[in-house]
Amino acid sequence: MPAQSDHPRPNPDALLAGMDREQRGGLKIFLGAAPGVGKTYAMLLAAREAQKEGRDIVISVVEAHGRAETEGLCADLERVPMQSVPYREREFAEFDLQATIERKPDVVLVDELAHRNIPGTRHPRRYQDIEDLLDNGIEVWTTLNVQHLESLNDSIARITGVRMRETVPDSILERARDIVLIDLSPRELIERLHQGKVYVPEQARAALDNFFSISNITALREMAFSAAANRVDADLRQAMQQQGEQGPWPARDRLVIAIDGRRNSEQVVRAGKRLAERLQAPWTVVYVDTGRVRYAAAQEQIDRAFSLAERLGGNTAVLRGNAIDKELVAFATDQNATILMLGRTRERLWAGILGQTLTQKLLRHNRDFEVMVVGGEAEPPPAARRRWEQLKEEMRLTAARHYAFALAVVAVCVSVSLGLERLLPLPLANLSLVFLTGVLVVAARTSLVPALTASAVSFLAYNFFFTEPRLTFAMVPQAEIVTVVFFLIMAVIGGNLADQLRRQLAALRATNEQTRIMLSLSQKLASAPDPAAVHEIAVDAIARLQHVPTCFVVEDDTDNDLHITVSEPEGTQLDAKDHAAAGWALRHRKASGHGTDTLTKVPWRFIPLVDENASHGVLGVRLADRPLGAGGEELRMLDALVHPITLALARTALNANLEQARVAEETERLRSALLSSVSHDLRTPLSSIIGAASTLRDCETELTADNRRELIGSVVEEGQRLNRYIGNLLDMTRLGHGGMKLQRDWVALGDLVAAALRRTHDLFSSVNITRSIPTDLPLLYVHPALIEQVLVNVLENAARFSPLDGEVRIAARQDNEDLLVEITDQGCGIPPQDRTRIFDMFTSGEGSDTERHGSGLGLAICHGMVGAHGGVIEAQEGPGGLGTTIAIRLPLFDPPETLDDTVNNDDA
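Here the residue numbering is sequential within each chain, running from 1 through the sequence in written order. Where totals are concerned, whole chains, interfaces and linings use all residues; where local detail is concerned, this predicted model gives features only for residues with pLDDT of at least 70, and gives and counts side-chain atom pairs only at 80 or more. Side-chain figures throughout are based on the complete set of non-hydrogen atoms in the structure, without hydrogens or water.

### What about the packing of aromatic side chains?
So the rule is basically this: Aromatic rings from Phe, Tyr and Trp, with only the six-membered ring used for Trp, were paired whenever their centres fell within 6.5 Å, and each pair was classed as stacked if the ring planes differed by under 30 degrees, edge-to-face if by over 60, and tilted otherwise. Accessible area is worked out with a 1.4 Å probe on protein chains only. A residue is then buried under 20% of its type maximum, exposed over 50%, and partly exposed in between.
Enumeration over the complete set of coordinates arrives at 4 aromatic pairs. Relative to F606, the ring of W604 lies with its centre 6.1 Å away and its plane at 20 degrees, an arrangement referred to as stacked. Taken individually, W604 and F606 each receive the classification buried, so the pair is uniform in this respect. An aromatic cluster is present here, built from W746, Y781 and F893 joined pairwise through their rings.

### Overview of the nonpolar core
Across soluble globular proteins, nonpolar side chains show a tendency to be buried alongside one another. Selection criterion: Each nonpolar core is a collection of buried residues, namely Ala, Val, Leu, Ile, Met, Phe, Trp, Tyr and Cys, held together in the definition by side-chain atoms within 4.5 Å. Any two residues whose heavy atoms approach within 4.5 Å at even a single point are treated as in contact.
Of all hydrophobic cores here, the largest spans 54 residues; its most connected members are L109, L133 and V146. Ignoring any residue separated from it by four or fewer positions in sequence, one finds V146 in contact with L31, G32, A33, L152, L220, M223, A224 and A227. Membership of the second largest hydrophobic core comes to 40 residues, among which are V808, I830, I886 and L892.

### Side note on the environment of V442
Spelled out, the test is: Only DSSP runs of H or I reaching four residues or more are called helices, and only runs of E reaching two or more are called strands; each is numbered from the N terminus.
Within the secondary structure, V442 is located in helix α18 (residues 428-445). Separated by 35 residues in sequence, V442 and L407 have C-alpha atoms that sit 9.4 Å apart. Those residues in contact with V442, other than ones at most four positions away along the chain, are F405, A406, V409, S447, P450, A451 and A454.

### Considerations on the packing of helix α25 (residues 749-759) against helix α26 (residues 784-801)
Let me state the cut-off plainly: With axes taken as lines fitted to C-alpha atoms, and helix axes fitted only over the stretch in contact, angles between N-to-C directions fall between 0 and 180 degrees. Here the angle decides the label: under 35 degrees means roughly parallel, over 145 means roughly antiparallel, 65 to 115 means roughly perpendicular, and every other value means oblique. Note: crossing handedness is left-handed where the near helix turns anticlockwise from the far helix by less than a right angle, and right-handed where it turns clockwise. Here the term charged refers only to Asp, Glu, Lys and Arg, the term nonpolar to Ala, Val, Leu, Ile, Met, Phe, Trp, Tyr, Cys and Pro, and the term polar to all other amino acids, Gly among them.
Where α25 contacts α26, the axes come no closer than 9 Å and their chain directions differ by 50 degrees. Taken together, the axes of α25 and α26 are oblique relative to one another. As for how α25 packs across α26, the hand of that crossing is right-handed. Listed contacts from α26 to L752, V753, A755, A756, L757 and R759 of α25 are P784, I787, E788, Q789, L791, V792 and L795. Taken together, the residues of the contact of α25 with α26 break down into 10 nonpolar, 1 polar and 2 charged.

### Side note on the pairing of strand β7 (residues 139-145)
In summary, the side chains of a regular strand alternate between the two faces of the sheet. Just so we agree on the cut-off: Two strands pair under a simple rule: DSSP has to find at least two bridges between them.
Burial analysis of β7 places 7 of its 7 residues in the buried class, the great majority of the element. The alternating pattern of β7 places E139, W141, T143 and N145 on one face and V140, T142 and L144 on the opposite face, and all of these are buried. When strand β6 (residues 107-110) meets β7, the two strands line up parallel, connected through 4 bridges. Counted as the bridge partner of L109 is W141 from β7.

### Quick word on a nonpolar patch on the surface
Here is the rule: Patch membership needs two things, relative accessible area over 30% and no salt bridge, and members are linked within 9 Å if like-charged or within 5 Å if nonpolar (Val, Leu, Ile, Met, Phe, Trp, Tyr). Each accessible area value is a Shrake-Rupley result obtained with a 1.4 Å probe; residue values ignore everything except the protein chains displayed when judging cover. By salt bridge we mean one thing: a side-chain nitrogen of Lys or Arg within 4 Å of a carboxyl oxygen of Asp or Glu.
Taken together, L423, L424 and L426 make up a surface patch of nonpolar side chains, about 290 Å² in accessible area. The class for L424 is partly exposed, based on a relative accessible area of 43%.

### Considering the pattern of salt bridges
Side-chain pairs of opposite charge can arise whenever the charged atoms involved come near each other. Scanning all chains against the criterion turns up 19 salt bridges. A salt bridge links D56 to R103; its shortest N-O distance comes to 2.8 Å. Taken together, the residues span a long stretch of sequence, with D56 in the loop between α2 (39-52) and β2 (57-61) and R103 in helix α4 (residues 97-103) at a distance of 47 residues. Here E266 ties to R270 by a salt bridge, and the two come within 3.8 Å at their closest N and O atoms. Of this pair, E266 and R270 both sit in helix α11 (residues 265-279), separated by 4 residues, roughly a single helical turn. Taking relative accessible area as the criterion, E266 reaches 13% and is therefore assigned buried.

### Details of the sheet that holds strand β1 (residues 27-32)
The 6 strands are arranged β3-β2-β6-β7-β1-β8 in an open sheet whose pairing can be described as parallel. Here the strands that pair on one side only, and so sit at the sheet edges, are β3 (78-79) and β8 (178-182). Pairing between β2 and β6: 4 bridges, direction parallel. Looking at β6, one finds that V61 is bridged to V110. With respect to the sheet, α2 is in contact with β1, β2, β6, β7 and β8, its orientation differing from that of β7 by roughly 160 degrees.

### Some details on the sheet that holds strand β25 (residues 884-891)
Taken together, 5 strands build an open sheet; the order of strands is β20-β22-β23-β25-β24 and the sheet is mixed. Two strands in the sheet have a free side with no partner beyond their single neighbour: β20 (768-772) and β24 (872-877). Pairwise comparison of adjacent strand axes, ignoring direction, gives a mean angle of 15 degrees for this sheet. Bridging between β24 and β25 involves 6 bridges; their strand directions are antiparallel. Bridge assignment links E877 to a residue of β25, and that residue is T884. Against the sheet, α25 contacts β20, β22 (807-815) and β23 (818-824), and its axis sits at roughly 175 degrees relative to β20.

And the structure:
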């Protein structure tokens, strides 16, 4: 049989990540510490070499800044023309993304990754254009200065005094397949500035006075080296995982510092920080959670150590598992660590003799990295009093029902054993298995202390009921003494193992529940329509995750006071100190209250939700109500949840701002359209009225009776027309501002049609009207005046656009749960492409029924009024392709049982 291969198995996730990066197109970044180090020049040199090798290279954007040598390198490379983008009455040349995608070269050169695009292009930022190119499978070469990385923005501002407005997310570096570091010494870069090879002389002098000092450039170089080193380190870990290598590979020092929650934890963190500074190595502080109950003092030590590590610039992590040494080795291997540091552990004589101390296990199992033990006074074994205090604390945290369950199980075991002894002549040792099973059941269902209680009570019951002499605690046969003692040892060990399995299962369930809640939170936040919905979703998720009262606090713009928008449980109130802590967090954009350095006595922890542009409120979590307070893991979980909640609030705020801008734009358009309409459609009838009235006044004696009647009729007709225009404008204004109130009533359609025909009687002097309205149609539950106005507007249009002696047909029928009204004329019809547009305000078609004069508001008002009733109005082709049919569909409701009696009483 051939020997099994020992070659390690590749990590499938790392393989898939590498394949995904290759399939989406490669990104190559030429990274520099500052402008002028030669990034663009190096990119063009590499492009020319690649072109000689037969690759299809295209330039989309190259910023030469007037440098002749840079322009010379572009000479033999194809360019994609820039697009012209108008902005504020000027034309700007911008990167043409669509043309580049259509050209689809092997490699495209896009200079200045952090560039902000002119408004009007597809994306606001150039790195988003590059992501589109990568998603289309096009390889991109680009340039970037380290000061434009988002994570370094604050550090750059402190060092140079200049805050970069154009930044790119650090994820763009993570997506890059290759990073080429372009470096130049500070003196060489300054010399290039003096020679005018970076900026024109005026800009060069200003740059030298401010940004380009030797100290600034040196700091920027170190940041560039660090960014490149971090990326190389990540590439190394991924390559190891893809090849299945276990590592670590000592390409770069990396520290893992383990703490155990004892009094030397902070001392270990400080020692690790000093070593990391000397080695210039990244470092991580870890704690292995075995699932056992952590006392308040131990939890406080862990939190203080984690807080110290974060203040000193280190990372923190909580690992879960029973074998502390195995978890530490696995984490250090995964992180490609070279040094594992821990403090001096508590000295246990028996563990040292058996080689079971943590240090001994790590030295025995480790082959790849150094193990360093920080010296210092080891924590002595706890005195008897302290053991008793710990035992009392664990007993206090255990529910009374668990002890009752343990006693009940022991009683059942006694009964079963007595029954088996009478039925079967079993040896005494076999009966101990019944009690051992009971101890395992208690350990699996409760916790360690009830399991130990069950072991002790089982030991006593076993001795009392089944060893000779019976019904006493004395034991005469020595063999029985050995049996009972070994039973007790087995029961304690078995109960401990069962308790460990139960804790592992509980931790797995808790982790799954956290993952489920966070996934549900992300999904709900993505669809939240407004800030109020985000508040409710966030409070509900955090309250379920942390099992403590939670609230969301915002500042009211009217009185500048803090108010709770939503809380769990409902009705949660904050006292004066809580309000002060929440206000401090909102003003200073830092967490306050429990577990912070500000107002620590407040039971709430208030976390501000802020981004670059605004503060979206404060999330309050009453962490003091937790049995052991808030550990570092809970605080990190809260911080992880705050980020997506803040993004969701920023998104809803942005949507609201966009909607306000859209409404403002629409209002301005409406205002302009109203002014245009009023200037024409109101002036025409006014002119006719003024002309007729002035003729009556000036030529009264010369006019015949027929002339006067004609002029007076013209005044009345134009006045009615003017009244209709003003009524339409008022109705449209009420619809647009939500002022149209529906006062519904039960009414017959025939009555509404009759009233509308009476109002439009004069318009149908030369047009025939036919009606087809069944008398058994159900009643409508509508605002009678509004639906009558809809019919009037539609009939006016039909009469206006019908030929002389034409026919306008009104038909109605019940269509399932709706009442369908169709008004058909015999005009020239409406083109299909305009049948939806005619219901927009101030729309007048050409060569159709809408061609003649009018304000264009009538059908828009109909659309708003019918929509307010939950109905639909649409334009259709007339029968046989002649004319137009306006179809009005209104929902039907079941009339109340007393409607007929009410109608009869009203008639009476």
